[in-house]
Number of protein chains: 2
Amino acid sequence: MISIVLLGTGNVATHLFNAFQESTVAKVVQVYNRGEKGLTTFKSSAKTTTCLNELIKADVYIIAISDDYISDFSKILPFKNRLIVHTSGSVSMHNLSNNNDRGVFYPLQTFTKDRAVNFKTIPICVESEKAKNQALLLLLANSISENVYEINSVQREALHVSAVFVNNFVNHLYVKAEEICETHQVPFEILKPLIQETAQKITSLPPKDCQTGPAKRNDQEVIKKQVDYLQEDNQKEIYKILTQSILNTNGNKL
Amino acid sequence: MISIVLLGTGNVATHLFNAFQESTVAKVVQVYNRGEKGLTTFKSSAKTTTCLNELIKADVYIIAISDDYISDFSKILPFKNRLIVHTSGSVSMHNLSNNNDRGVFYPLQTFTKDRAVNFKTIPICVESEKAKNQALLLLLANSISENVYEINSVQREALHVSAVFVNNFVNHLYVKAEEICETHQVPFEILKPLIQETAQKITSLPPKDCQTGPAKRNDQEVIKKQVDYLQEDNQKEIYKILTQSILNTNGNKL
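A. Expanded view of the overall build of chain A. Looking only at helices and strands, chain A has eight helices and eight strands in total. Along the first, second and third principal axes, the C-alpha atoms of chain A reach 65 × 35 × 30 Å. By residue count, 57% of the 254 residues in chain A fall in the buried class. Here the analysis covers contacts within chain A between residues at least 6 apart in sequence; of these, 53% occur between residues at least 24 apart. Only carbon and sulfur atoms are counted for the fraction: they give 47% of the accessible area of chain A, which is about 10800 Å². Distance between charge centres in chain A, computed from 27 positive and 26 negative side chains, equals 5 Å.

Given below as structure tokens:
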């Protein structure tokens, strides 16, 4: 059994903890958090501590805290030559202290505290410096997910930026659409099946082949009408930039 | 039984035809197309014609052709005082010839020829000028869909613009993400579960509550790093505009 100490109690830590509860090859033996409060929900299933000096020996230490603190936190861990990994998309493995063996265990998903996720479908990207650590991380990842990838820090940065496009930016477009619907008193609800189908389509077709709409057709009349219809400059600007970008893809101009 | 003549044989026409095949209250009695070619697949289940003078009498005529031709096409129909509707999100009902009763029957979805859709879940937006026509269109819509809405032409324009945001623009962001992945030799595949979850989340939470990422956190360091990481000006521009727009939502600046 691979023993894990989990450092942090946020969304990623909580979802990882729940996933490892089901695993037959790995077990979270201890959860650490600076304050007592975050630890409450873990107490019934694992040891907990608020004191770094009380950390017990384990095969791997998973740092699941805010990106900004990962590097500093790794330096104050009171042991050496053990395996420590972080769970961030945007932090290089080399930002971890070299007092210990280093690695990354990055589950590529958007986590919300009260929303259940099926970890089996979540891609986990692992990276480390030594073959034996890589083997251990792969074993660990495969015990909770069916989509495990070996990804180095440069590739992970590409994934993280891409994730900003397909999650953060896409969600922002949903926000803008909801604004437009509210302005004209149309229920945003009506768009939800289209939103689902748009995401579904690319599971079976390349995104390029799914592109439709006035910009794809170079339908300047509809484009002009829609820009005029939008009431906020910010909406117009987003409309124009993305329309131009679609037109560019097909060699057209706004 | 409500009788329908379907005018057109494209994606929308085909999917509508298939949906009405299952309906117990409406039946497509004839399909018209300018050329013989498009009619082939309909011949076994309905009368077909390439000649407007051969159009038979029906309760409703559904014009499912390219937006640009709807208005002109409605003017050359060789009859009066019957109910004609179009299926477009962006064309006003009043662009139809007033020789006939006018209406709109707009299924809000992205259709691909070879991709099956479950019509029951597709919102249909209906509009007309007379109460008896509205009743007929509602009956027709309810016979194939569980999501039927009465939407006027101004509201429908809002829906259509919003659909451009949540479908066309969202899909373009998928295209951009795939580009970034290709540049750095990472499989785009890894992002697909995230794409699905992003769309799924907003079925249970308002989009505003789902927003995450560096712009939402006002994490200027990650934002700068990601802009620098992107290699194409077009990708940088989209990144900056959407990041700025998310920052604005929270009262921050780039």
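B. The arrangement of the packing of aromatic side chains in detail. The final tally for this structure, using the stated rule, is 16 aromatic pairs over all chains. Ring geometry for Tyr239 of chain A against Phe169 of chain B: centres 5.3 Å apart, planes inclined by 70 degrees, an arrangement best described as edge-to-face. Linking Tyr239 of chain A in helix α8 (residues 233-249) with Phe169 of chain B in helix α4 (residues 153-183), this pair reaches from one chain into another. Phe169 of chain B matches Tyr239 of chain A in its accessibility class, with the two residues each being buried. Members of the aromatic cluster, joined through ring pairs, are Phe165 and Phe169 of chain A together with Tyr239 of chain B.

C. Representation of the pattern of salt bridges. In the structure shown here, the tally under the stated rule is 22 salt bridges over all chains. Linking Glu36 of chain A and Lys43 of chain A is a salt bridge whose minimum nitrogen-to-oxygen distance equals 3.2 Å. Among the residues examined, Lys43 of chain A registers a relative accessible area of 43% and is labelled partly exposed. A salt bridge links Arg102 of chain B to Glu129 of chain B; its shortest N-O distance comes to 3.0 Å.

Rules and cut-offs
Residues numbered from 1 in each chain as written. Chains lettered and ligands numbered in written order. Predicted model: local features only at pLDDT ≥ 70, side-chain atom pairs only at ≥ 80, totals over all residues. Heavy atoms only, no water. Helix = DSSP H or I, 4+ residues; strand = E, 2+ residues; numbered from the N terminus. Buried < 20%, exposed > 50% of the residue type's maximum accessible area, 1.4 Å probe, protein only. Contact = heavy atoms within 4.5 Å. Areas by Shrake-Rupley, 256 points an atom, 1.4 Å probe, with all protein chains shown as cover. Lys, Arg positive; Asp, Glu negative; His and termini not counted. Charge placed at Lys NZ, Arg CZ, Asp CG, Glu CD. Phe/Tyr/Trp six-rings, centres within 6.5 Å; stacked < 30°, edge-to-face > 60°. Salt bridge = Lys/Arg side-chain N within 4 Å of Asp/Glu carboxyl O.

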